[in-house]
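# Coordinate inspection notes
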Amino acid sequence: MSLAGNVALVTGGGRGIGRAVALALGRAGADVAVAARSPAQIDAVAAEIRQSGRRAVAIPCDVGERRDVERLVKTVETELGPPEILVNSAGVAASAKFVETDDDLWERHLRVNLTGTFYVCRAVVPGMIQRRGGRIINIASTSGKVPYLYVAAYCASKHGVVGLTRAMALELARYGITVNAICPGWVQTELTDQTVENIVARTGMAPEDAVKTLAQMSPQNRLIQPEEIATLALLLASRDAYGINGQAIN
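Read on for an overview of the structure. As the structure is a prediction and not an experimental result, all values here were calculated from the model.

### Section: the pattern of salt bridges
Under the definition given, this model contains ten salt bridges. A salt bridge links Arg54 to Asp31, with the nearest nitrogen and oxygen atoms 3.2 Å apart. Highlighted residues: Arg54 in the loop between helix H2 (39-51) and strand S3 (56-60) and Asp31 in strand S2 (residues 31-36), separated in sequence by 23 residues. The residue Asp62 makes a salt bridge to Arg111 at a minimum N-O spacing of 3.4 Å. Of this pair, Asp62 sits in the loop between S3 and helix H3 (66-79) while Arg111 sits in helix H4 (residues 103-131), and the two are 49 residues apart along the sequence. Among the ionic contacts, a cluster of salt bridges with common partners joins Asp31, Arg54 and Arg55.

Below, the structure written as structure tokens:
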């Protein structure tokens, strides 16, 4: 699945899933723009991609800010060329009982997870339409399909990402653009580490028992590794996946 000659943009690319996806795309031959709110982390990822012989640029960006996103896409076009592959991996995840979900927590999840995905897609899609092709991969979650306790804001935002994915896929198919979502369960990332810390703080449970509780939510009784998601993203970004569109893949 060679992506030689393609330009990819990965948001949330400084750590976790986004980092794994950005590195995988680079290894497959793509030139990669890595965006996130953490300059040091995205600089490190871009440097690692350049070591493999591909071009890479690190661009600080808050996807929840429309002007930030517009500047991001213009910078990618100037530095690498128009993005043909977009991976929306930027996201936040925090837990609270529904009655304790305040305005800030609610709005932060919707702004970053859903509106941020919308902003980046809206900035990139016109160029894809003009070139009659493109691959958009949104990192959603199994909580975009089924509910989980104490994460109402997160569930709502990820359900929105799945709905946006399906609507875009239907509308953009005529232009040779595919739009798909990846829906992981619990992944071994810093966000999950924060969830474990929260469980320990609220329940007094030992950290290893908290991890085991999360792992047991999967039939495989384990946490998913970011590299597994990157492998699927690589497939969806490839020419071989042209017939896969509008899917939300667990």
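Having put the structure on the table, let's press on.
### Describing the packing of aromatic side chains
Tallied over the entire structure, the rule returns one aromatic pair. Both rings, one in Phe118 and one in Tyr119, keep their centres 5.9 Å apart while their planes meet at 40 degrees; by these two values the pair is tilted.

### Points about the packing of H3 against H4
Relative to each other, H3 and H4 sit at 40 degrees, their axes nearing to 9 Å. As H3 packs across H4, the resulting crossing turns out to be right-handed. For the pair formed by H3 and H4, the contact residues are Arg66, Val69 and Val73 on the first element and Tyr119, Val120, Arg122, Ala123 and Val124 on the second. Within the contact of H3 with H4, the residues separate by chemical class into six nonpolar, no polar and two charged.

### What about the pairing of strand S4 (residues 85-88)?
Here S4 shows no split at all, with Ile85 and Val87 on one side and Leu86 and Asn88 on the other all buried. Of the strand pairs in this sheet, strand S1 (residues 7-11) and S4 are connected by four bridges, and their pairing is parallel. Residue Thr11 lies in a different strand from S4, and its bridge partner there is Asn88. Examined bridge by bridge, S4 and strand S5 (residues 134-139) share four bridges and lie parallel to one another. Within S5, the residue paired with Val87 across the bridge is Ile137.

### Some remarks on the pairing of S5
Of all six residues that make up S5, six are buried, and the element is covered over most of its length. Going residue by residue along S5, you find Gly134, Ile136 and Asn138 tucked away on one face and Arg135, Ile137 and Ile139 tucked away on the opposite face as well. Between S4 and its parallel partner S5, the chain crosses via H4, and the hand of that crossover is right-handed. Summarising the sheet, S5 and strand S6 (residues 177-182) pair through six bridges and their orientation is parallel. Within S6, the position partnered with Arg135 by the bridge is Thr178. The parallel pair S5 and S6 is bridged by helix H5 (residues 152-172), and the resulting crossover is right-handed.

### Quick word on the nonpolar core
Leu3, Val21, Leu25, Val32, Ile49, Val87 and Ile137 are the most contacted members of the largest nonpolar core, which totals 33 residues. The biggest single contributor to this core is helix H1 (residues 16-27), with seven residues. Counting residues in each nonpolar core, the second largest holds 30 residues, with Val63, Val69, Val73 and Val92 among its members.

### Quick notes on the side chain of Asp62
Among the residues examined, Asp62 registers a relative accessible area of 15% and is labelled buried. What Asp62 contacts, discounting residues up to four positions off in sequence, is Arg37, Asp68, Val69 and Arg111.

### Regarding the state of the cysteines
In protein structure, a disulfide is the covalent linkage between the sulfur atoms of two cysteines. On inspection of all chains with the given rule, the structure shows zero disulfides. Counting only cysteine sulfurs, Cys121 is the nearest neighbor of Cys61, a cysteine outside any disulfide, at a range of 13 Å.

### What about the sheet that holds S5?
Pairing within the open sheet is parallel, and its seven strands lie in the order S3-S2-S1-S4-S5-S6-S7. Of all the strands in the sheet, the pair left with one neighbour each is S3 and strand S7 (248-249). Looking at chain direction, S2 and S3 are connected through five bridges and run parallel. In the strand pairing of S3, Ala33 is matched with Val57. In this fold H3 packs onto S1, S2 and S3, with an angle of close to 160 degrees to the strand it touches most, S3. Where helix H8 (residues 226-237) meets the sheet, it contacts S4, S5, S6 and S7, and its direction lies at approximately 155 degrees from that of S5.

Analysis parameters
Residues numbered from 1 in each chain as written. Predicted model: local features only at pLDDT ≥ 70, side-chain atom pairs only at ≥ 80, totals over all residues. Heavy atoms only, no water. Salt bridge = Lys/Arg side-chain N within 4 Å of Asp/Glu carboxyl O. Helix = DSSP H or I, 4+ residues; strand = E, 2+ residues; numbered from the N terminus. Phe/Tyr/Trp six-rings, centres within 6.5 Å; stacked < 30°, edge-to-face > 60°. Axes fitted to C-alpha atoms, helices over the stretch in contact; angles between N-to-C directions. Left-handed = near helix turned anticlockwise from the far one by under 90°. Contact = heavy atoms within 4.5 Å. Nonpolar A, V, L, I, M, F, W, Y, C, P; charged D, E, K, R; others polar. Buried < 20%, exposed > 50% of the residue type's maximum accessible area, 1.4 Å probe, protein only. Pairing = 2+ DSSP bridges. Right-handed = clockwise from strand over helix to strand, strands pointing away. Core = buried A, V, L, I, M, F, W, Y, C linked by side-chain atoms within 4.5 Å. Disulfide = S-S within 2.5 Å.

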